[in-house]
Structure formats: structure tokens, C-alpha cells
Amino acid sequence: MKDKIIGLIMILFLGVCSCNRDDVFEKEQYKNVFALISGSNNISEKYHLLGQASTGYISVSCGGTNATKEDITIQLVEDASLLHDYNTANYDVDMARYARLLPSTNYTISSYQLTIPAGQISARLPVVITPDGLSPDSSYVIPLRVESYSACEINPLKNYVLYEVRIKNYWANGDGTTSYSMKSKITEDDVTIEVPGTKTMAPLDANTVRIMAGNETYESNLAVLNKAAIVLTIDTTTNKVSIRPYKTITVHQIDGDADYPNIFKTEDDGYGTYKTFLLHYDYTIDNKTFQIKEELRLEFDKEEETE
């Protein structure tokens, strides 16, 4: 009899423990938790078109089985230490690769408070970006963290966001990934060779881009760019292209060539649609002069291309 009583007590004890565990599990499953939306390293990367102001958003989302029963008011604050921690963790002492704080003249946040209404799962805080004057060779960040909130819980891993601003124009994105295919005729000392390859293009302003001259090797390095890059300015009315030095290189535009008339155009060859430059110029570097005739092409989808 004694053993039966002990057995019953054990069963009851285990039952109580099981119920407690189930209660805890159920509470964990049903509780509401919110987070700032971002990708890896809490980065939220957005591209903004040069030549105009545009609006991006800081987004927050709330999860949980049941709908929230009250508003969640969230107060954000800028915190430069977040960017410092990101740079040192990812680039250590390689300061040339550091992301930079976005200058205050390039953005407006009218309010740092946003609210997820009761029963809803998300909210957005608008950020107005004026990207003109930013460099394609840098990434710019607005570091924001949650300072306070009125209800529910916050995901401790997503309690801040680094809103990263990248620039773009019609011809290129400012992240070093826009690559045009190149067919080039290079003449030096009356000897001409044909050189295929690719050419990285970067936006500078609404209708200006930067490329390396001729067959000069591209590097995301200011010393290399200052020495060997050139600038193309596109007249959006006539599609004529003007060529000038980026920094110290000597370059001369050569007009009057019917095959390479220094123009930009879009064309469809029946298989794809392309952004195309036809350029003719010469340049001097390290006391050597090269004459360049080149076609640059980038395939694109008109339906997918948005400003």
C-alpha cells in the first residue's frame, strides 16, 4: 500500500511539472516579440537615385500567435557607437573600408517614433534621403537603435538597425557591381589590338558615370582611380557623351567617328535589351598615349528596371 501511495504521489508530481512546462511553452509560443527588420549584421541596404530626394523606410515587425491587444509605441535614437562596433568587427584596422556616418545634410527624419497599432504586425518610419554629393566609393549609414517601447518584448538581436545608403543612376549602381561588357580597339604607336573584357561603372551624379580609361585595371582604391579613371557625362536629350578626366589623367575626346560617335543608346538585338556606349578618345598615362575605340554594353530588363 505504501508503495502505491508513493507511486501516486510521483505521478501527481510529474503531472504538475508537465503542466508547468506546458504553461511555460504555451506562453513562449504565444507571446508577442517585435524586431527592427534588417539583413546580416543588422544592415538594411537601400539604393537612392541621384538627382532627387527619395524616401526609404525603417521597418519593424511583431511576431506572435495572437494579435496584440494594445499599441506598441517605439522610440528610436541615433547611436554612432553601433557603426563603430560594426566597422571594427568587420574591418579591424582597415579603415579605408569603413562605412561612414551619413552626413546630416543628406537626410531628414521628421520623427524617431513609430507605432505598431493594436492588432497589426508592422510599422514603418520614413527617412528622406538626398543623395547628391555622396561618393560611390563609400557606404553611408544611419545607425538607429530602440531607446524605449511601450508594450510586448523586443528581440535583443534585432534591437538596432544600420540603414545603409547606396547611390545609383540610370546607368550604374554605386556598389562596384555594375559591370559592362567591353569590346575595345586600342592603338599605341600605330599598332592596334582588339581587347575584350569588362568594365566597372560607377555613378557620380544624375547623368554622370566613372569608368577606367582604356584597358587600365579597376581597383576600389582612390590612388588608382585618381590616376586612371575618366568621367562620362550623358546628355539625356541628345544622348551625346562628353568625356573628361576624373582626376589627374590626360584624356581627349575624339568626335566625328561614325562607328564610335561618343553616344549612349539602348538597343534590342532580338535576344536582349542593352544599354550601350560607343566611345572614341585618347589618353596619356605614365608617358604612354593610347587611342581607344570601345563599345560598352549592359543587358537589362525594362520591366524590372525601376527608379
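In this convention, every chain numbers its residues from 1, walking through the sequence in written order. It should be noted that, the model being predicted, local features are given only for residues of pLDDT at least 70 and side-chain atom pairs only at 80 or more, the latter also being counted only at that level, while totals for whole chains, interfaces and linings use all residues. Just so you know, side-chain values use all the structure's heavy atoms and leave hydrogens and water out.

A.B. asks: Can you explain the overall build of the chain? Please cite residues and give values.
C.D. replies: Helix and strand counts for the chain stand at 3 helices and 21 strands. For the chain, long-range pairs separated by at least 24 residues make up 63% of all intrachain contacts whose partners lie at least 6 apart in sequence. In the structure as shown, the chain presents an accessible area of about 17400 Å², 49% of it carried by carbon and sulfur atoms. Counting from the N terminus, the helices are the DSSP runs of H or I reaching at least four residues and the strands are the DSSP runs of E reaching at least two. Contact definition: two residues touch when any of their heavy atoms are within 4.5 Å. In short, Shrake-Rupley with a 1.4 Å probe defines the accessible areas, and a residue's cover is counted only from the protein chains shown.

A.B. asks: For the sheet that holds strand β16 (residues 229–234), give the residues involved together with the corresponding values.
C.D. replies: Pairing between the strands of a sheet is mediated by backbone hydrogen bonds and can be parallel or antiparallel. The strand order across the open sheet built from 4 strands is β14-β15-β16-β17, with neighbouring strands paired in antiparallel fashion. Only two strands of the sheet have a single partner each, and these edge strands are β14 (202–205) and β17 (241–245). If you compare each strand with its neighbour and ignore which way they point, the axes differ by 30° on average. Where β16 lies against β17, 5 bridges are found, and the strand directions are antiparallel. Bridging from a neighbouring strand, I230 pairs with P245 of β17. Here the rule is simple: two strands pair whenever DSSP picks up at least two bridges between them. Every axis in this analysis is a line fitted to C-alpha atoms, fitted for helices over the stretch in contact. Angles between the N-to-C directions lie between 0 and 180 degrees.

A.B. asks: Describe in detail the pattern of salt bridges, supporting the description with residues and values.
C.D. replies: In the sections that follow, a salt bridge refers to a side-chain nitrogen of Lys or Arg positioned within 4 Å of a carboxyl oxygen of Asp or Glu. Evaluated as defined, the whole model comprises 11 salt bridges. D257 is the salt-bridge partner of K293, the closest N and O atoms lying 3.6 Å from each other. One end of the pair, K293, is in strand β21 (residues 288–300); the other, D257, is in the loop between β18 (250–253) and β19 (263–268), with 36 residues separating them in the sequence. Working definition: with a 1.4 Å probe on protein chains only, accessible area under 20% of the residue-type maximum means buried, over 50% means exposed, and in between means partly exposed. Take K293: its relative accessible area is 26%, and that puts it in the partly exposed class. Ionic contacts of the salt-bridge type, sharing partners, join the residues K265, E267, D269 and R297 into one network.

A.B. asks: Kindly report on the layout of surface pockets, identifying the contributing residues and their values.
C.D. replies: Computed from the structure, the largest pocket encloses a volume of approximately 630 Å³. In the cavity and pocket records, a cavity denotes points on a 1 Å grid over the protein atoms alone where a 1.4 Å probe fits but cannot get out, a pocket denotes an open set with protein on both sides within 12 Å along at least 5 of 7 lines, and lining residues are residues with an atom within 4 Å of a point. Considering the residues around the largest pocket, the lining is formed by 29 residues, among which A96, R97, D137, S138 and S220 are closest to the centre. Within the residue set of the lining of the largest pocket, elements represented by two or more residues are α2 (80–91), β11 (160–168), β14 and α3 (222–228). Three residue categories are used. Nonpolar comprises Ala, Val, Leu, Ile, Met, Phe, Trp, Tyr, Cys and Pro, charged comprises Asp, Glu, Lys and Arg, and polar comprises the others, including Gly. A class-by-class count of the residues in the lining of the largest pocket yields 13 nonpolar, 9 polar and 7 charged. Grid points are joined across faces, edges and corners, and a volume is the space filled by probe spheres set on the points.

A.B. asks: Run through α2, naming residues and quoting values.
C.D. replies: By this rule the span expected of a helix is its residue count minus one, scaled by 1.5 Å. A rise of 1.5 Å per residue sets the reference length of α2, with its 12 residues, at 16 Å; its end C-alpha atoms lie 17 Å apart and thus fit the reference within 8%. Of the positions making up α2, those classed as buried are L82, L83, Y86 and N87. Along the long axis of α2, the arc covered by the buried residues comes to 130°, so they all point the same way. Positioned one or two residues after α2, D92 has a phi angle of 50°, which is positive. When we speak of the arc, we mean the arc of directions from the helix axis to the C-beta atoms.

A.B. asks: Help me get a handle on the packing of aromatic side chains, residues and values and all.
C.D. replies: Any pair of Phe, Tyr and Trp rings, taking the six-membered ring for Trp, is counted once the centres come within 6.5 Å. Such a pair is stacked with planes under 30 degrees apart, edge-to-face with planes over 60 apart, and tilted for the rest. Applying the stated criterion to the full structure yields 10 aromatic pairs. Ring plane angle 85° and centroid distance 5.8 Å describe the contact between W171 and F264, whose orientation is recorded as edge-to-face. In this pair, W171 sits in the loop between β11 and β12 (179–188) while F264 sits in strand β19, placing the two residues 93 residues apart along the sequence. Taken together, the ring pairs connect Y170, W171, Y180, F264 and F277 into an aromatic cluster. One cation-aromatic arrangement involves R124 over Y57; the distance from NZ or CZ to the ring centre is 3.7 Å. When the NZ atom of lysine or the CZ atom of arginine is within 6 Å of a ring's centre and also within 35 degrees of its normal, the charge is said to sit over that ring. Over the face of the ring belonging to Y246 we find R210, whose NZ or CZ atom lies 5.0 Å from the ring centre.

A.B. asks: I'd like a description of the sheet that holds strand β10 (residues 153–154), backed by residues and values.
C.D. replies: Here 5 strands make up an open sheet; going across it, the order is β6-β8-β3-β1-β10 and the pairing mixed. Strands with a single pairing partner mark the edges of an open sheet, and in this sheet they are β6 (107–108) and β10. Relative to β10, strand β1 (residues 33–36) runs parallel, the two being bridged by 2 bridges. Counterpart to F34 in the pairing with β10 is I154.

A.B. asks: Go over the pairing of strand β13 (residues 191–200), please, and point to the residues and values.
C.D. replies: By the bridge criterion, 10 bridges tie β12 to β13 in an arrangement that is antiparallel. Looking across to β13, one finds that K183 is bridged to P196. From the end of β12 to the start of β13, which pair antiparallel, there are 2 residues, and D189 there has a positive phi angle of about 50°.

A.B. asks: Account for the environment of L162, with residues named and values stated.
C.D. replies: In this fold, L162 is placed in strand β11. Along the sequence, L162 and R145 sit 17 residues apart, while their C-alpha atoms lie 8.6 Å from each other. Beyond its immediate stretch of four places on either side in the chain, L162 contacts N41, N42, I43, S44, L82, L83, Y86, V141, I142 and P143.

A.B. asks: Account for the nonpolar core, naming residues and giving values.
C.D. replies: The term nonpolar core refers to a set of buried residues drawn from Ala, Val, Leu, Ile, Met, Phe, Trp, Tyr and Cys, joined through side-chain atoms within 4.5 Å. Counting residues in hydrophobic clusters, the biggest one holds 32 residues, and the most contacted among them are M201, I230, L232, F277, L279, Y281 and Y283. Counting residues per element, the ones that place at least two in this core are β12, β15 (208–212), α3, β16, β17, β20 (273–285) and β21. In this structure M201 touches W171, A172, N173, T178, Y180, V209, R210, I211, F277 and L296, once residues within four positions along its chain are discounted.

A.B. asks: Describe in detail the state of the cysteines, supporting the description with residues and values.
C.D. replies: Note on terminology: disulfide denotes any pair of cysteine sulfur atoms within 2.5 Å. Under the defined criterion, the tally for this structure stands at 0 disulfides. C152 provides the cysteine sulfur closest to C62, a residue in no disulfide bond, and the two sulfurs are 4.9 Å apart. For C62, a relative accessible area of 7% gives the class buried.

From the geometry alone we can't say anything about function, so treat these as descriptive.
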